Amino acid sequence: MTNFIYQEQKWQSQMSDLITSPTELLELLNLSEQDLLSGALLASEQFKLRVPRAFVSKMQIGNPLDPLLLQVLPHHLELEEHIEFITDPLGEEQANQLPGVLHKYQSRFLLTLTGACAIHCRYCFRRHFPYQENLPKNDDWLNIRDYLLSKPHINEVILSGGDPLTLSNRKLALWLERLESLNQIQILRIHSRVPVTISERLDEALVSLLKNSRLRIILVVHSNHPAELDDLTCRRLANLVQQDILVLNQSVLLKGVNDSAEILAELSHRLFQARVMPYYLHVLDKVKGAQHFDLEANKIDQIYTEVLATLPGYLVPKLVREIAGEQNKTPLYGVTIF
Ligand code: SF4
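Residues numbered from 1 in each chain as written. Predicted model: local features only at pLDDT ≥ 70, side-chain atom pairs only at ≥ 80, totals over all residues. Heavy atoms only, no water.

## Comments concerning the overall build of the chain
As a reminder of what qualifies: Each helix is a run of H or I in the DSSP string that is no shorter than four residues. Each strand is a run of E no shorter than two, and both are numbered from the N terminus. In this scheme, a residue with accessible area under 20% of its type's maximum is buried, one over 50% is exposed, and one in between is partly exposed, where area comes from a 1.4 Å probe on protein chains only. Contacts were defined at the residue level, with two residues in contact if any of their heavy atoms lie within 4.5 Å. Using the Shrake-Rupley algorithm and a 1.4 Å probe, accessible areas are obtained, with residue cover drawn only from the displayed protein chains. In this charge count, Lys and Arg are treated as positive and Asp and Glu as negative; neither His nor the chain ends contribute. The location of each charge is read from NZ of Lys, CZ of Arg, CG of Asp or CD of Glu.
Tallying secondary structure elements over the chain gives 13 helices and 10 strands in all. If you line up the chain on its principal axes, its C-alpha atoms span 55 × 50 × 40 Å. Per-residue burial over the chain gives 54% buried out of 338 residues. At a minimum sequence separation of 6, the contacts of the chain that also span at least 24 residues come to 83%. Counting only carbon and sulfur atoms, one obtains 50% of the accessible surface of the chain, whose full area is about 15300 Å². Here the chain carries 33 positive and 40 negative side-chain charges, and the mean point of each set is 7 Å from the other.

As structure tokens, then:
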């Protein structure tokens, strides 16, 4: 099978040229199945299709079960109601202290500075999050600063999704400067899917911004499948590590996408080639519209047992579930949690 050819462009041009039409996406991949298209059109009315051309170029032409395509193509099963699958599975409404602020963990504090993402992942636990009502405005910084000062045990800020690397460097620099002005903040963690969807974002300007910060920067990329990590993406990730930025990866275990020990082992090896360390393997959050990615508990157990047997310990991501209201991610292997 072959891939769709795309010309490399600046990341800003890619952001303004995202594919948002299921018809166009299926045509690019030479897929014309009517049932795929009608399901996609219906489901995309609720959560729009959004995918960069660079990411599409990593999909196989003519393969309706391509694991990258399955992560972004709307599906009619998203419209089915399931009692366990809800709009706010992690109880984030409770943790939303101020616009843009989610305080879930003792020493860490999440900032959502944008509702925009380069890609819409169909399994996203924030697919129903009311970003527009929640984005911090310029003068909200003073309230955020006061909140941080009132909690001196917070030493780490996490920029979370919407995707912080869709922001301009100017805006990122402004927030870096604000956070650097508080002595208590030592670590800035950036969670982003942009490095594997538009790897051009990891350009010299961004690297220079991050490496010149007083804060210890950790980039947590989000890759679910080894096909997302082509040579160019790996080289750009490795370059960040060479500049003394710690790069980790988190994945979500998804039915039909990466539900085998073989794929997960290949993903870990590929990450290691890119000098990225596997960090978390998340069990799916039960968000409304993502039920078709869910796996049975015994299947998860079987896959993870095989992963443990296959990989050296340093390449095994921690299998975890996030439970609303808990102070930390809950480890799943070796405990009776299912
Ligand atoms: S927040 Fe992350 S997982 Fe959710 S749609 Fe955006 S990139 Fe995907």
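## A short note on the sheet that holds strand S5 (residues 187–192)
What counts here: Strand pairing follows a simple DSSP-based rule, namely that at least 2 bridges must link the two strands. Axes here mean lines fitted to C-alpha atoms, for a helix over just the part in contact, with angles spanning 0 to 180 degrees between N-to-C directions.
Judged by pairing direction, the sheet is mixed, and its 10 strands sit side by side in the order S1-S2-S3-S4-S5-S6-S7-S8-S9-S10 without closing on themselves. Both outer strands of the open sheet, strand S1 (96–98) and strand S10 (330–331), are each paired with one neighbouring strand and no more. Along the sheet face, helix H12 (residues 261–273) touches strand S7 (246–252) and strand S8 (277–282) and points at about 145 degrees away from the line of S8.

## Remarks on the pattern of salt bridges
Side-chain pairs of opposite charge can arise where the charged atoms are in close proximity. The cut-off we apply is this: Salt-bridge detection follows one rule: a side-chain nitrogen of Lys or Arg within 4 Å of a carboxyl oxygen of Asp or Glu.
Tallied over the entire structure, the rule returns 15 salt bridges. Here Lys104 ties to Glu92 by a salt bridge, and the two come within 2.6 Å at their closest N and O atoms. A residue pair is termed long-range when its members are at least 10 positions apart, and Lys104 in the loop between strand S2 (101–102) and strand S3 (108–111) and Glu92 in helix H6 (residues 92–95) qualify at 12 residues. Taking the relative accessible area as the measure of exposure, Glu92 reaches 2% and is therefore buried. Across the salt bridge formed by Glu228 and Arg193, the nearest N and O atoms sit 3.1 Å from each other. Taken together, the residues Glu228 in the loop between strand S6 (216–222) and helix H11 (231–242) and Arg193 in the loop between S5 and helix H9 (194–197) connect sequence positions 35 residues apart. In this structure Glu228 comes out as buried when scored by relative accessible area, which is 0%. By relative accessible area, Arg193 is classed as buried at 5%.

## Some thoughts on unusual backbone geometry
With a phi close to 60 degrees, Asn30 is a non-glycine residue in the positive phi region. Positive phi, normally seen in glycine, also occurs at Arg275, with a value near 65 degrees. Examined against the element boundaries, Arg275 turns out to sit in the loop between H12 and S8. For Arg275, a relative accessible area of 45% puts it in the partly exposed group.

## A word on the site of the ligand
The condition that has to hold: Proximity is defined per residue: any heavy atom of the residue falling within 4 Å of a molecule or strand makes that residue near it. Throughout, the ten residues Ala, Val, Leu, Ile, Met, Phe, Trp, Tyr, Cys and Pro are labelled nonpolar, Asp, Glu, Lys and Arg are labelled charged, and all others, Gly among them, are labelled polar.
Lining the immediate surroundings of the ligand are Cys117, Ile119, Cys121, Cys124, Gly161, Arg193 and His222. Per-class residue counts for the shell around the ligand are 4 nonpolar, 2 polar and 1 charged.

## Description of the domain arrangement of the chain
Stated precisely, the cut-off is as follows: Where each domain begins and ends follows an automated or database-derived domain assignment. For any pair of parts, buried area is found by adding up, for both, the accessible area (1.4 Å probe) each one loses once the two are put together. Any pair of N or O atoms that falls within 3.5 Å is considered a polar contact. Within protein, one atom must be able to donate a hydrogen and the other to accept it, and sequence-neighbouring residues count only if both atoms are side-chain atoms.
Domain annotation of the chain identifies domain 1 (11–79) and domain 2 (92–331). In this complex, domain 1 contributes 25 residues to the contact, which on the side of domain 2 involves 33 residues. Carbon and sulfur atoms supply 60% of the area buried between domain 1 and domain 2, which totals about 2500 Å² over both sides. In terms of surface lost to domain 2, no three residues of domain 1 exceed Trp11, Phe47 and Gln71, which account for 34% of the buried area on that side. Linking domain 1 with domain 2 are 16 residue pairs in polar contact (both at pLDDT 80 or more), by the criterion used here. For the side of domain 1 that touches domain 2, the elements supplying multiple residues, two or more each, are helix H1 (11–15), helix H3 (34–44), helix H4 (53–56) and helix H5 (67–72). For the side of domain 1 that touches domain 2, the leading source of residues is H5, giving 5 residues. For the side of domain 1 that touches domain 2, the class distribution of residues is 17 nonpolar, 4 polar and 4 charged.

## Quick look at the packing of aromatic side chains
Counted only if it meets this: Two aromatic rings from Phe, Tyr or Trp, using only the six-membered ring of Trp, form a pair when their centres are within 6.5 Å; if the ring planes differ by under 30 degrees the pair is stacked, by over 60 it is edge-to-face, and anything between is tilted. Charges are assigned to positions over rings by a cutoff of 6 Å between ring centre and Lys NZ or Arg CZ, combined with an angular limit of 35 degrees from the ring normal.
Going through the model one piece at a time under the given rule, you end up with 5 aromatic pairs. On the basis of an interplanar angle of 35 degrees and a centroid distance of 5.9 Å, the ring pair of Phe109 and Tyr147 is categorised as tilted. Here the residue Phe109 occupies a position in strand S3, and Tyr147 occupies one in helix H7 (residues 140–149), the gap between them amounting to 38 residues. Given the relative accessible area of 15%, Tyr147 is considered buried. Each ring, one from Trp141 and one from Trp175, has its centre 5.8 Å from the other, and the planes form 85 degrees; the classification is edge-to-face. Here Trp175 lies in helix H8 (residues 169–180) and Trp141 lies in helix H7, a separation of 34 residues in the sequence. Per residue, the accessibility class of Trp141 equals that of Trp175, and both read buried. The aromatic ring of Trp11 is capped on one face by Arg201, whose charged end is 3.9 Å from the ring centroid.

## Some remarks on the packing of H8 against helix H10 (residues 204–211)
Each pair of packed helices can be summarised by the angle the axes make with each other and by the distance between the axes. Cut-off, in case you're wondering: Relative orientations are named as follows: roughly parallel for angles under 35 degrees, roughly antiparallel for angles over 145 degrees, roughly perpendicular for angles from 65 to 115 degrees, and oblique for any other angle.
At a closest axis distance of 11 Å, the pairing of H8 and H10 adopts a crossing angle of 5 degrees. Comparing their axes, H10 and H8 come out roughly parallel. In contact with Asn169, Leu172, Ala173 and Leu176 of H8, H10 contributes Ala205, Leu206 and Leu209. Among the residues forming the contact of H8 with H10, the class breakdown is 6 nonpolar, 1 polar and no charged.

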